Amino acid sequence: MRLIRPEDWRPSGIDDLEPAAWNALRHAGSACVVAGPGAGKTEFLAQRADYLLETGLCRAPHRVLAISFKTDAANNLASRVRKRCPPEFAHRFVSVTFDAFTKSLVDRFLNAIPADWRPTRPYEIAFPKRKAVEGFLTLARLSAPPEWQAEIAGYSAGDFEAKIVGSYRLPMGPIAPQNAAEFTIARWWATQLQPGQPSLLTFIGINRLAERLLRANPHIRRALVATYPFVFVDEFQDTTYAQYDFLHSAFSGGQTIITGVGDDKQRIMVFAGARQDAFQRLQADFGGARFPLLFNFRSSPDLVAIQHIVARALDPNTVPTVAQTARQVDGDVAQVWSSQTIAAEAAHLAQWIANDITTRGRAPRDYALLVKQKSDDYEHELAGAFAVHGLRIRNESHTLGKTSLQDLLSDDLSRLAIAIFRLGATRRAPAAWQLVSSSVLALRTTGQDDDARAAKVEAELSAFLTALRTDMAATAPSRQSAADFVRRVFEYLDLGAIARTYAEYGVGDLLQIILEAFCIHFFASADGAPNWTACLDAFEGVNQIPMMTVHKSKGLEYDTIIFVGLDDRAWWAHTPGDPEGVAAFFVALSRAKQRAIFAFCQQRGNRNNVAELYQLLTDAGVPEIAI
């Protein structure tokens, strides 16, 4: 393992970094890296990890910890580091989600959590429905002292846990309520930690328990600091109170260097408890220096100019970014399409996308249909017209049991199972073989030096795949045959081994949630499929046009985005001047690489509440076209 002198280190896999990124990468202390849309923040973090590891600034056995909000973002960053960094260094890069990291600490050190807050082993993961939260708040109000009831009546079921419970640091002992908030919080925790039955923990609760664990056990905190001298936090603007408190309790004190990357103009998770001062806290508590990145590697110059108009509505001092991508389309790069009926809108969208695919030689997944909410409704309204042109919509925000399609496809177990089915459907799938082989060796607890054991496991895997391939070739896809093959694959993988090997499945019901979602989606994909390859393509969304909410689109990019439903009905909660609504609009616009279309349908509603969003487009010179 030959180290490189810091002054001799050069980026790997790319030509260069922009000057501001170089400054942030080489900075010796904590940093706030303000990276707008298309700034390449994931690439920056991958290069910084490579720099720290290859130069020996992070020496063995120390590790670099990267924390993301979504599983696919964590996996994407880990994949980039593996490509940029030699294997002998890359294995010391740990990329996880906030929830997975805090859950791993709670699971590992559960007995060290103070008795007043200690959950049962095992505990279950809870996903409270809005109606259940409303019922809880009603009972809490009725049980509260009269002087607190009015305040409790004002709590919203939609954000009660995120904003009220999530912002409350657990005391050393039981809560002795001094106000309405503490009274309601104490009752909420009582529902999660009921004596005599398995605890029901939400991920906000797990975040809070992990933070409480560290305050009660300084030796665990010292072990974290000793292991991770460098910590990255992606999408830092969305850090919640619970998550920030955890970071502070875990890594404050000056020994750990924090690199927070994000953009305040893309803060769209306030409803989920995101702090509105996250970057300011990082600067104050960790001494983080501020480094704005000024390049946009995603969008064409014309789109970047439009984005800047919207960005200034969020921050008048926003510095213009410099586009690094050339324009590839003729005519307007952005338009508002206005229609009178839903049917007319659907027909026009489908016809236009079909023509554009043919004319420009694009693929369906180069386009994305974005909506504010209720994606199932829009899918129902558009799917028929799209089918006329041979186009299929893939609703990635669609709920499958207790998770979403997007989250299912980014799940490690789901990816492993589909890779096995790919190997059952065809002999040539090298990427699938690499994933399956390495995963099965890990499940069978085969060490790197245990060559004989590894050879035996691979021989068993080859035999299993040969038999699976033979039987899949002889069996047509159907719901029943899909169920039979799913049972066979997961029996081979061994759910017990999965729970032991993957920390996120070890406690709670996440494994059952993923299995349920996998079966729902796989059975539906097999129903009517002409062959197993088509079934797997349907499962993974090959040649389908993705549809998702703006919140689900965060971090993604497409050649063309079409925002459907820019009207008061979809944006019912928006009020003029609301920064979170404008930020959501900015996020949608900035997903586009070459073109952004905003569709308004008079049949759906008016556009009084969102008039300011249309005014921003008008100010940017975006024309409105009647269709």
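This is a predicted model, so every value here is computed, not measured.

> I keep staring at the environment of Thr341 and nothing clicks. Help me out?
Positionally, Thr341 belongs in the loop between strand 11 (334-339) and helix 15 (342-360). Judged by relative accessible area, which is 32%, Thr341 ranks as partly exposed.

> Before we go on, may I ask you to explain the sheet that holds strand 19 (residues 624-626) in this structure?
Two strands in a sheet stick together by hydrogen bonds in their backbones, pointing the same way (parallel) or opposite ways (antiparallel). Pairing within the open sheet is parallel, and its seven strands lie in the order 13-16-12-17-18-11-19. Only two strands of the sheet have a single neighbouring strand rather than two, namely strand 13 (393-395) and strand 19. Sheet twist, expressed as the mean angle between neighbouring strand axes with direction ignored, is 25 degrees. As paired elements, strand 17 (residues 558-564) and strand 18 (residues 592-601) share six bridges and run parallel to each other. Paired with Thr560 across the bridge in strand 18 is Arg595. Sheet strands touched by helix 16 (residues 375-388): strand 12 (367-371), strand 13, strand 16 (545-549) and strand 17. Its angle to strand 13, the strand with the most contacts, is close to 170 degrees. Along the sheet, helix 27 (residues 579-589) makes contact with strand 12, strand 17 and strand 18, crossing strand 18 at roughly 125 degrees.

> Where do I start with the sheet that holds strand 2 (residues 64-68) in this structure?
Judged by pairing direction, the sheet is parallel, and its six strands sit side by side in the order 3-2-6-7-1-8 without closing on themselves. Of all strands in the sheet, those with a lone pairing partner are strand 3 (93-97) and strand 8 (289-292), marking the two edges. Recorded for the sheet is a direction-independent mean angle of 15 degrees between the axes of neighbouring strands. Across five bridges, the pairing between strand 2 and strand 3 is parallel.

About the thresholds
- Residues numbered from 1 in each chain as written.
- Predicted model: local features only at pLDDT ≥ 70, side-chain atom pairs only at ≥ 80, totals over all residues.
- Heavy atoms only, no water.
- Helix = DSSP H or I, 4+ residues; strand = E, 2+ residues; numbered from the N terminus.
- Buried < 20%, exposed > 50% of the residue type's maximum accessible area, 1.4 Å probe, protein only.
- Pairing = 2+ DSSP bridges.
- Axes fitted to C-alpha atoms, helices over the stretch in contact; angles between N-to-C directions.
- Contact = heavy atoms within 4.5 Å.

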